[in-house]
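An overview of the molecular structure
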Amino acid sequence: MTAHRPPRLADWLLQQLAEGRRQQSILGDLHEQFARGRSVSWYWRQTITTILVGPMKQRLLWLLVPTVVTAAITATWSHYYLPTRYVSETLILVVPQQVPEQYVKPTVTTRVEDRLQTIMQQILSRTRLERIIQDFNLYPERRKTAIMESVVEGMRADIGVQITKGDAFRVKFTSDNPRTSLRVTERLASLFIEENLRDREVLAEGTNQFLSAQIEELRRRIVDKEAQLRGLRATTHGELSQGDLIPYEVYKESYKALLQKELDSRVGANLERRQIGEQFKVLDPARLPEAPVGPTKTAVNAGGALVGLLVGLVMVAVSRRPKPKPDQEPTAVI
Amino acid sequence: MPKGDSLGGFELQVLLAVMRLGDEAYGVPISDTIEEASGREIAAGSIYITLDRLESKGLVTSSLGDSTPERGGRAKTYFQVTGKGVRAVRAAQRTLMKLWSGVPALKGGPV
């Protein structure tokens, strides 16, 4: 294959990479031979060989050495220290109370987000996480050297809870092992569901107990008041002033209202006990992650090699001296 | 001959080509001569690296010559073998001849 002029790219490469006192002579020789009928492929062979054997050899080394060294360091580091991370996640839906609120008022009225925060704090407590760590034998290596508090802290970082659209939330767990990530996510999801039920039940029961105590207190006051009024009637021949009667009437009204509230609360607590109040339900169960997340070892290694290449390029750029004049310093001139 | 002046195989070929070409010894004819004799393609870069080395040993000298349009206006660099270069070639020849004569398999002449 021949052409009327040598490949421009080859010439450019020679100009850029084959610096040296003979650069112009070499280019001249190649042009001359090409003009005499050498092929384009010959020209390219000459270009590449000249670059490889010429002063560029040094530059190639500067490019290759940092690239290979950083690639090797990165590969070693990633092989031993870069864990492959898997994430398993589950979507939990907040199912509203299944009995209309006009019939049964919910006993727990705090917002889902707030309750989720409370539940999360309970689940992420050291006691709970320590139990999970032991049950699933998590972080065996770290546990050999680090204290439990630090291991628990690490686990907290691997757990993710994210509210989506207000009526659902995602729970996820990141682990070196896909199966572990699945099993821990399942455990966390069930903890959220159980904790929510227990929380609501405890709250409803607490309300009940409070109301019962209030009712008992009020009943005692009414009994006392009645005894007091009977005494008054005996001394005043049955005549009682409004000032004596009004507190008694107020007590009675309050007593009735409290009884109604206690009834509502009992129904609400029953609702929670029968699990037809607001509850958490797994919408998307956790799955076994098929592929790791985050940068793969290959990507990290390629990144390392790229950094090395950039370092090499910088070294070459820094080392570039001004181009020598064509064929400088001949020993004699004809 | 000092130890550092001993010639490598390719150095010897280049020196011989320069000697044969006389006043016309520059890159293109030098590589043509070696290619013709050896039957293999020679890289221009290798020729000049070798010539540079020979020049630094004092075995050749270089000088700038004319430029031609087919060279893209670039000047030729001519090379000439010095007296020291000639002595180095002779020394290499003697060494090779001595070694040659001692090889029974080569006694019948070139195959």
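About the thresholds
Residues numbered from 1 in each chain as written. Chains lettered and ligands numbered in written order. Predicted model: local features only at pLDDT ≥ 70, side-chain atom pairs only at ≥ 80, totals over all residues. Heavy atoms only, no water. Helix = DSSP H or I, 4+ residues; strand = E, 2+ residues; numbered from the N terminus. Buried < 20%, exposed > 50% of the residue type's maximum accessible area, 1.4 Å probe, protein only. Contact = heavy atoms within 4.5 Å. Areas by Shrake-Rupley, 256 points an atom, 1.4 Å probe, with all protein chains shown as cover. Pairing = 2+ DSSP bridges. Axes fitted to C-alpha atoms, helices over the stretch in contact; angles between N-to-C directions. 1 Å grid on protein atoms, 1.4 Å probe; cavity = no way out; pocket = protein on both sides within 12 Å on 5 of 7 lines; lining within 4 Å. Points joined across faces, edges and corners; volume = space filled by probe spheres on them. Nonpolar A, V, L, I, M, F, W, Y, C, P; charged D, E, K, R; others polar. Core = buried A, V, L, I, M, F, W, Y, C linked by side-chain atoms within 4.5 Å. Phe/Tyr/Trp six-rings, centres within 6.5 Å; stacked < 30°, edge-to-face > 60°. Arc of directions from axis to C-beta. pLDDT = per-residue confidence, 0-100. Salt bridge = Lys/Arg side-chain N within 4 Å of Asp/Glu carboxyl O. Polar contact = N/O pair within 3.5 Å; in protein donor to acceptor, adjacent residues only side chain to side chain.

**So, the overall build of chain A**
Counting its secondary structure elements, chain A contains 11 helices and 5 strands. In chain A, which comprises 334 residues, the share counted as buried stands at 36%. Counting contacts in chain A only where the partners sit at least 6 residues apart, residues at least 24 apart contribute 77% of the total. Of the roughly 19800 Å² of accessible surface on chain A, 58% is carried by carbon and sulfur atoms.

**Structural notes on the overall build of chain B**
The helix and strand tally for chain B stands at 4 helices and 2 strands. Mapped in sequence order, the helices and strands of chain B form the string α-α-α-β-β-α. Sequence-distant contacts, at least 24 apart, represent 52% of the contacts inside chain B between residues at least 6 apart.

**Digging into unusual backbone geometry**
Residues and elements named next belong to chain A. Non-glycine residue Asn137 carries a positive phi angle of around 50 degrees. Position of Asn137 relative to the elements: it lies in the loop between α6 (126-136) and α7 (140-145). Phi at Tyr139 takes a positive value of approximately 45 degrees, unusual for a residue other than glycine. Mapping Tyr139 onto the fold places it in the loop between α6 and α7. Exposure remark for Tyr139: the relative accessible area of 14% places this residue in the buried category.

**Examining the sheet that holds strand β4 (residues 279-284) of chain A**
Residue and element names in this part refer to chain A. Taken together, the 4 strands give an open sheet; going across it, the order is β2-β3-β1-β4, and neighbouring strands pair in antiparallel fashion. The open sheet has two edge strands, β2 (159-164) and β4, and neither has a second partner. For this sheet, the mean angle separating the axes of adjacent strands, direction not counted, is 30 degrees. With 8 bridges connecting them, strand β1 (residues 86-95) and strand β3 (residues 168-175) associate as antiparallel partners. Note on β3: the bridge partner recorded for Val87 is Thr174. In the packing of helix α9 (residues 178-236) onto the sheet, the strands contacted are β1, β2, β3 and β4, and the crossing angle to β3 comes to about 145 degrees.

**Some words on the layout of surface pockets**
All names here are of chain A. A volume near 450 Å³ is recorded for the largest pocket. If you trace the largest pocket, you find 19 residues lining it, with Arg85, Tyr139, Pro140, Arg142 and Asp176 closest to the centre. Elements represented by at least two residues in the lining of the largest pocket include exactly α4 (56-81), α7 and β3. Among the residues forming the lining of the largest pocket, the class breakdown is 9 nonpolar, 5 polar and 5 charged.

**Some thoughts on the nonpolar core**
In this structure, Leu7 and Ile30 of chain B are the most contacted members of the largest nonpolar core, which totals 31 residues. At the level of elements, α1 (8-17), α2 (23-35) and α3 (40-53) of chain A together with α1 (9-21), α2 (27-38), α3 (44-56) and α4 (83-101) of chain B are the ones that each hand at least two residues to this core. Counting residues in each nonpolar core, the second largest holds 28 residues, with Ile92, Leu129, Val152 and Leu191 of chain A among its members.

**Structural notes on the environment of Val40 of chain A**
Position of Val40 of chain A relative to the elements: it lies in helix α3. Sequence separation between Val40 of chain A and Pro7 of chain A is 33 residues; the distance between their C-alpha atoms is 7.0 Å.

**A short note on the packing of aromatic side chains**
Residues and elements named next belong to chain A. Tallying each qualifying case throughout the model produces 6 aromatic pairs over all chains. On the basis of an interplanar angle of 70 degrees and a centroid distance of 6.4 Å, the ring pair of Trp42 and Tyr43 is categorised as edge-to-face. Since its relative accessible area comes to 2%, Trp42 is described here as buried. Among the aromatic side chains, those forming a connected cluster through ring pairs are Phe34, Trp42 and Tyr43.

**Notes on helix α8 (residues 148-158) of chain A**
Count 3.6 residues to each turn of an α-helix, and residues three or four apart come out pointing the same way. All names here are of chain A. All buried positions along α8 are accounted for by Met148, Val151, Val152, Gly154, Met155 and Asp158. Seen end-on, α8 carries its buried residues on one side only, within an arc spanning 160 degrees. Buried residues belonging to α8 abut α6, α7, β2, β3 and α9.

**Brief notes about the confidence of the model for chain A**
Per-residue confidence for chain A gives a mean pLDDT of 81, with 85% of residues at or over 70. Below a pLDDT of 50 lies the segment residues 323-334 of chain A, which in the model reaches 29 contacts outside its immediate sequence neighbourhood of four places, other chains included.

**Some thoughts on the interface of chain A and chain B**
On the side of chain B, 28 residues touch chain A, which itself brings 29 residues to the contact. Close ionic contact of Asp52 of chain B with Arg22 of chain A constitutes a salt bridge, the shortest N to O distance being 2.7 Å. Our enumeration of links across chain A and chain B arrives at 15 residue pairs in polar contact (both at pLDDT 80 or more). Listing elements by their share of the side of chain A that touches chain B, those giving two or more residues are α2, α3 and β5 (332-333) of chain A. Per-element tally for the side of chain A that touches chain B: the top contributor is α2 of chain A, with 11 residues.

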